[in-house]
Amino acid sequence: MKLGIFNEFMGLEKDYINACEELDIEYEVIDIISSDWIENIRSSDCDGYLVRPSYKKDAWKRMYDERLYYIKYITDKPVYPVYNDIFLHESKKNMAYWLQIHDLPHPKTWIFYNKEEAMDFIENKACFPLVFKPNIGSYSMGVKYISRKHQAKRLIDKVFTKYGFYNSGYAKWQKTESGLSVPLMDDKQFNYITFQEMIDVKHEWRMIKIGKSYFGHQKMKKGKFHSGSGKVGWVAPPEQLLRMTQHICSQGNFSSMNIDIFEDLHGDYYVNELQPFFGAYNDSQMYIDGKPGRYLSENGSWVFEEGYFCRNACCNLRVRDFVEQLEEYPAEEVNPKLLT
């Protein structure tokens, strides 16, 4: 078996490369960024393709969504994760639509493409405080808590202009001779805006499913935010969250998905984010009583298996899962769900 690994702008494909080398799986790095990307795929002899798209710029996100959409017309070979999963990756809008359509509990979200409608919402319908979220942005970058109408209206005025909203967490700035600070990176959001209801969060949980493996831990708070704090609570996730994760992944037919879930002061759960990829710097994403491991679902029960399963930012698990899928459905009888 030979796997193709799509390159990306930030070099994150190295985790797939390391995983394939550790698992002794033949691979080829394929340039999907260049203008020759179609021919690069056509000329490859891989059994399937691994992708881990860039996320820091909206233009990079659009490129991957566009090219992964057309790959199904170029080849019948599957991509991992599938296109539908990648479409959700690092898009607050797409996540919100998906959660609402599937009637899953999540913070109520309003997405406006019309400035007058957004202003009317703030003036006559909104309940404060609200949360403003840029479409692209991890580690809580660009997220703002809004407690007054004038704050929201100022953001709306800014977004609905050609200047837009720059996510200062990603944009690099320099000062002009006149002393004005301008962004070096063209990573702005304009002509649409997203607001979300504020949840009184007691805990935020990171729940993960990759193949048959389940993991969970708490994302501890630093300052105003849990996301991006770098602080982890290694406590056993409640069984209800494991079942919730299993249900959501079944709804979306997700093979690789991180689900960040708010637990409010009343013990109710709300899905905050869905991401096929996430920051994983520890070789285990769960510790139970100090022991690294994972949960497996067996006959309706959750069985803990000790071990380090998250090598190379969990890409070892993803590669193993993809190989198992390809072995189960060989090229001449590929499962249509692998191509979706």
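Scroll up for the structure.
This text gives an overview of the structure that appears in the document.

Conventions we followed
- One numbering rule holds for all chains: residues counted from 1, following each sequence as written.
- Owing to the predicted nature of the model, reporting of local features is limited to residues with pLDDT of at least 70; listing and counting of side-chain atom pairs is limited to 80 or more, with chain, interface and lining totals taken over all residues.
- Side-chain descriptors were evaluated using all non-hydrogen atoms of the structure, hydrogens and water having been removed beforehand.
- Residues belong to one nonpolar core when they are buried, are Ala, Val, Leu, Ile, Met, Phe, Trp, Tyr or Cys, and are joined through side-chain atoms within 4.5 Å.
- Working definition: with a 1.4 Å probe on protein chains only, accessible area under 20% of the residue-type maximum means buried, over 50% means exposed, and in between means partly exposed.
- Elements are defined by DSSP. Helices are runs of H or I of four residues or more, strands are runs of E of two residues or more, and each kind is numbered from the N terminus.
- Should any heavy atoms of two residues lie within 4.5 Å, those residues are counted as being in contact.
- Here the rule is simple: two strands pair whenever DSSP picks up at least two bridges between them.
- Geometry of aromatic contacts follows a simple scheme: Phe, Tyr and Trp rings, the Trp one being its six-membered ring, pair when their centres are within 6.5 Å, and the pair is stacked under 30 degrees between planes, edge-to-face over 60, tilted otherwise.
- Only the stretch in contact is used when a helix axis is fitted, and all axes are lines through C-alpha atoms; the angle between N-to-C directions ranges over 0 to 180 degrees.

**Digging into the nonpolar core**
Then, number 1: Among the nonpolar cores identified, the biggest contains 64 residues, and Leu 3, Phe 6, Leu 50, Leu 68, Ile 248, Leu 274 and Val 319 are the most heavily contacted of them.
Then, number 2: Top contributing element to this core by residue count: helix α9 (residues 315-328), with 6 residues.
Then, number 3: Apart from residues lying up to four places away in sequence, Leu 274 is in contact with Leu 88, Met 95, Trp 98, Leu 99, Ile 248, Met 257, Asn 258 and Ile 259.
Then, number 4: Grouped together as the second largest cluster of nonpolar side chains are 16 residues, Phe 112, Phe 121, Ala 126 and Ile 156 included.

**Here we look at unusual backbone geometry**
Then, number 1: Tyr 80 connects to Pro 81 through a cis peptide bond whose omega is -10°.
Then, number 2: Examined against the element boundaries, Pro 81 turns out to sit in the loop between β4 (79-80) and α4 (83-88).
Then, number 3: A cis amide bond links Phe 128 with the next residue in sequence, Pro 129, at an omega value of 5°.
Then, number 4: One can find Pro 129 in the loop between α6 (115-125) and β6 (130-132).
Then, number 5: Even without being glycine, Asp 103 reaches a positive phi, approximately 55°.
Then, number 6: With respect to the helices, strands and loops of the structure, Asp 103 is situated in the loop between α5 (92-101) and β5 (109-112).
Then, number 7: In this model, Ala 313 sits at a positive phi of 55°, which is unusual for a non-glycine residue.
Then, number 8: Using a relative accessible area of 10% as the deciding quantity, one classes Ala 313 as buried.

**Overview of the environment of Met 286**
Then, number 1: Assignment of secondary structure puts Met 286 in the loop between β17 (269-275) and β18 (287-288).
Then, number 2: Sequence spacing of Met 286 and Val 232 is 54 residues, and the spatial spacing of their C-alpha atoms is 9.9 Å.
Then, number 3: Setting aside residues up to four positions removed in sequence, Met 286 forms contacts with Tyr 214, Phe 215, Gly 216, Trp 234, Pro 237, Lys 291, Pro 292, Gly 293, Arg 294, Tyr 295 and Phe 304.

**A short note on the sheet that holds β4**
Then, number 1: Here we have 4 strands laid out as an open sheet, ordered β2-β1-β3-β4, and parallel in their pairing. The open sheet is flanked by β2 (26-30) and β4, the only strands paired with a single partner.
Then, number 2: Alignment of strand β1 (residues 2-6) against β2, held across 5 bridges, turns out to be parallel. Bridge pairing in β2 places Gly 4 opposite Glu 28.

**Digging into the packing of aromatic side chains**
Then, number 1: For the coordinates displayed, the defined rule picks out 16 aromatic pairs.
Then, number 2: Ring centres 5.8 Å apart and planes at 65° place the aromatic pair Tyr 69 and Tyr 83 in the edge-to-face group. On the criterion of sequence distance, the pair formed by Tyr 69 in helix α3 (residues 58-74) and Tyr 83 in helix α4 is long-range, its members being 14 residues apart.
Then, number 3: Residue Tyr 69 is classed as partly exposed on the basis of its relative accessible area of 31%.
Then, number 4: Ring geometry for Phe 112 and Phe 121: centres 5.1 Å apart, planes at 45°, overall tilted.

**Observations concerning the pairing of strand β14 (residues 213-219)**
Then, number 1: When you tally the buried positions in β14, you get 7 out of 7 residues, the bulk of the element.
Then, number 2: Two elements, strand β13 (residues 201-210) and β14, share 7 bridges in a ladder whose sense is antiparallel. Across the sheet, Lys 209 pairs through a bridge with Tyr 214, a residue of β14.
Then, number 3: From the end of β13 to the start of β14, which pair antiparallel, there are 2 residues, and Gly 211 there has a positive phi angle of about 60°.
Then, number 4: In this structure, β14 lies alongside strand β15 (residues 232-233), joined through 2 bridges in antiparallel fashion. Residue Gln 218 lies in a different strand from β15, and its bridge partner there is Gly 233.

**A few points about the pairing of strand β12 (residues 193-197)**
Then, number 1: Across the 5 residues that make up β12, a large majority, 4, are buried.
Then, number 2: Note: β5 against β12, 4 bridges, orientation antiparallel. Within the sheet, the bridge partner assigned to Thr 109 lies in β12 and is Gln 196.

**Thoughts on the sheet that holds strand β7 (residues 144-146)**
Then, number 1: Strand order in the open sheet made by the 4 strands is β5-β12-β6-β7, with antiparallel pairing throughout. Each having just a single partner strand, β5 and β7 make up the two edges of the open sheet. The mean inter-strand angle of the sheet, taken between neighbouring strand axes irrespective of direction, is 25°.
Then, number 2: Relative to β12, β6 runs antiparallel, the two sharing 3 bridges. Counted as the bridge partner of Leu 130 is Glu 197 from β12.
Then, number 3: On the sheet, helix α7 (residues 149-159) packs against β6, β7 and β12 and is oriented at approximately 155° with respect to β12.

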